[in-house]
Amino acid sequence: MLTVSVVGCMTQGGNTMGEEPTWAELLLVFAVAGVIPIVIGGAVIFSLVGLAMWVTAPLRRRRRNTSDGV
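These figures come from a predicted structure and were not determined experimentally.

How do you make sense of the overall build of the protein when you look at a structure like this?
When you go through the protein residue by residue, the secondary structure sums to 2 helices and 0 strands. In the protein, which comprises 70 residues, the share counted as buried stands at 1%. Element-wise, carbon and sulfur atoms account for 74% of the exposed surface of the protein, whose accessible area totals about 6,600 Å².

I'm lost on the UniProt feature "transmembrane region" (unreviewed entry) in the protein in this one. Help?
Using the residue numbers shown here, the UniProt feature "transmembrane region" (unreviewed entry) corresponds to residues 26–55. Taken end to end, residues 26–55 has its terminal C-alpha atoms 44 Å apart, with 100% of it in helix and 0% in strand.

What exactly am I supposed to notice about a positive patch on the surface here?
A surface patch of like charges, here positive, comprises Arg60, Arg61, Arg63 and Arg64. With respect to the helices, strands and loops of the structure, Arg64 is situated in helix H2 (residues 23–69).

Help me out: how do you make sense of a nonpolar patch on the surface in this one?
Together, Leu28, Val32, Ile36, Ile40, Val44, Leu48, Leu51, Trp54 and Val55 give the surface a local cluster of nonpolar side chains, amounting to about 920 Å² of exposed area. Note on placement: Ile40 falls in helix H2.

Calculation notes
Numbers given to residues run from 1 along each chain, matching the order in which its sequence is written. Two thresholds apply to this predicted model, a pLDDT of at least 70 for residue-level local features and 80 or more for giving and counting side-chain atom pairs, whereas whole-chain, interface and lining totals are computed over all residues. The basis for the side-chain values is all heavy atoms of the structure; hydrogens and waters are excluded. Each helix corresponds to a stretch of at least 4 residues labelled H or I by DSSP, and each strand to a stretch of at least 2 residues labelled E; elements are numbered beginning at the N terminus. Note on classification: 1.4 Å probe, protein chains only; a residue is buried when its accessible area is under 20% of the maximum for its type, exposed when over 50%, partly exposed between these limits. Every accessible area reported is derived by Shrake-Rupley at a probe size of 1.4 Å, with residue values counting cover from the shown protein chains alone. UniProt positions are given in the numbering used here, feature names are shortened, and annotations may be inferred rather than shown by experiment. Patch rule: a residue counts if its relative accessible area is over 30% and it has no salt bridge; like charges are joined within 9 Å, and nonpolar side chains (Val, Leu, Ile, Met, Phe, Trp, Tyr) within 5 Å. One side-chain nitrogen of Lys or Arg within 4 Å of one carboxyl oxygen of Asp or Glu is enough to make a salt bridge. The positive count covers Lys and Arg only, the negative count covers Asp and Glu only, and His and the chain ends enter neither. Every charge is mapped onto a representative atom, which is NZ of Lys, CZ of Arg, CG of Asp or CD of Glu.

In structure tokens, the structure reads:
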């Protein structure tokens, strides 16, 4: 089965690459490759800020209550 696919590929001139991408396709690939880290990084930063706000909420609540009572 494997030999049939290799022979079939070799009868096409040995070219295993497809046609070259157009400029629009290249720009789309670069845009997607650039957006993925931004989205993941933004989600990580948003999560860390939210976690920090959640962890420090009791401290801020205590500080606000003592300043209101004085």
